[in-house]
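# A look at the structure
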Amino acid sequence: MEPSFAGRRALVTGAGKGIGRDTAKALLARGAQVVAVSRTQEDLTSLAQECPGIETLCVDLGDWEATEQALSNVGPVDLLVNNAGVALLQPFLEVTKEACDRSFDVNFRSVVQVSQIISKGLIARGAPGAIVNVSSQASHCALKDHAIYCSTKGAMDMLTKVMALELGPHKIRVNTVNPTVVMTAMGRANWSDAQKSEPMLRRIPLGKFAEVEDVVNSILFLLSDQSAMTTGSALLVDGGYLVG
């Protein structure tokens, strides 16, 4: 049975495209009120046209002050999906300060900030909640040219465990989903070259990359009461990549 989110209000970051956009749409379709956050107004406008009733909020989550201001009056939120992220790929010896700062600002620091704001609201209301942080299989294994990306996702995974430990007494659950390559529009473009994709696919026992729906379904499970006893966990959506 599909989970219902009737009576719940959800906030999804990185909701303009890909996993975030489809997660926002799926939550809305299952009865939730949804606040979709993106730094790209054009994406939010098209989402609002596609999904009447969805709330939109345009802010660059890499900007601490702008995020604080944008979310200061966001209202009660029961479910949070921290999906916003950047992937700035560089060989380790060529990693720049700018790429390092931007990656950690968006992929890690924004998760701290947004989760703090939403969690404080839940605690003030005495309400239970669920948070899903969208991580990656890259938090568990080294990938060429991914030194900073892997590091931000590794940091996110450990942050998730500490959040689960400290927020559990307030009845707030926190988990990650950790997908392999996902066939978003960007994923298809980046992995369409067989020379690049075949070595990765050979390491996946199921022999395929993840579809967006695979990740969305895992997020919905972790947000729902079907996972009421699950917190501090990483749900791998990797086709078995990490079993070897």
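Residue positions within a chain follow its written sequence, with the count starting from 1. For a predicted model such as this one, the threshold for reporting local features is a pLDDT of at least 70, and the threshold for listing and counting side-chain atom pairs is 80 or more; totals across whole chains, interfaces and linings nevertheless cover every residue. With hydrogens and water excluded, all non-hydrogen atoms of the structure serve as input to the side-chain values.

Within an unreviewed UniProt entry, the label attached to the protein chain reads L-xylulose reductase, and the organism entered is Sarcophilus harrisii. UniProt positions are given in the numbering used here, feature names are shortened, and annotations may be inferred rather than shown by experiment. In UniProt, the protein chain has this text filed under Subcellular location (unreviewed entry): "Membrane". What UniProt records for the protein chain under Catalytic activity (unreviewed entry) is the sentence "xylitol + NADP(+) = L-xylulose + NADPH + H(+)".

## Things to note about the packing of aromatic side chains
Between 30 and 60 degrees the pair is tilted, below 30 it is stacked and above 60 it is edge-to-face, where a pair is any two Phe, Tyr or Trp rings, Trp via its six-membered ring, whose centres lie within 6.5 Å. Applying the stated criterion to the full structure yields one aromatic pair. With 5.6 Å between their ring centres and 65° between their planes, W191 and F209 make a pair best called edge-to-face. With W191 in the loop between α6 (185-190) and α7 (194-202) and F209 in the loop between α7 and α8 (212-223), this pair connects stretches of sequence that are 18 residues apart. Accessibility assignment for this pair places W191 and F209 in one class, buried. Sitting over a ring, as applied to charges here, requires NZ of Lys or CZ of Arg to be within 6 Å of the ring centre and within 35 degrees of the ring normal. Here K196 stacks its cationic end above the ring of W191, 4.6 Å away from the centre of that ring. Numbered from the N terminus, helices here are DSSP runs of H or I no shorter than four residues, and strands are runs of E no shorter than two. The buried label goes to any residue with under 20% of its type's maximum accessible area, the exposed label to any with over 50%, and the partly exposed label to all in between, with areas taken from a 1.4 Å probe on protein chains only.

## Here we look at the packing of helix α1 (residues 18-29) against α8
Orientation is described by axes fitted as lines to C-alpha atoms, over the contacting stretch for helices, and by angles from 0 to 180 degrees between their N-to-C directions. Where α1 meets α8, the closest approach of the two axes is 9 Å, and the angle between their N-to-C directions is 55°. By the angle class used here, α1 and α8 are oblique. Between α1 and α8 lies a crossing of right-handed hand. Residues G18, I19, D22, T23, A26 and L27 of α1 form the contact with α8, whose participating residues are V212, V215, V216, I219, L220 and L223. For the contact of α1 with α8, a count of residues per class yields nine nonpolar, two polar and one charged. Reported orientations rely on four angle classes, namely roughly parallel under 35 degrees, roughly antiparallel over 145, roughly perpendicular from 65 to 115, and oblique for the rest. Crossing chirality is assigned from the near helix's rotation relative to the far helix, an anticlockwise turn below a right angle marking it left-handed and a clockwise turn marking it right-handed. When checking whether two residues touch, look at their non-hydrogen atoms; a contact exists if any pair is within 4.5 Å. Ten residues, namely Ala, Val, Leu, Ile, Met, Phe, Trp, Tyr, Cys and Pro, are considered nonpolar, four, namely Asp, Glu, Lys and Arg, are considered charged, and the remaining ones, Gly among them, are considered polar.

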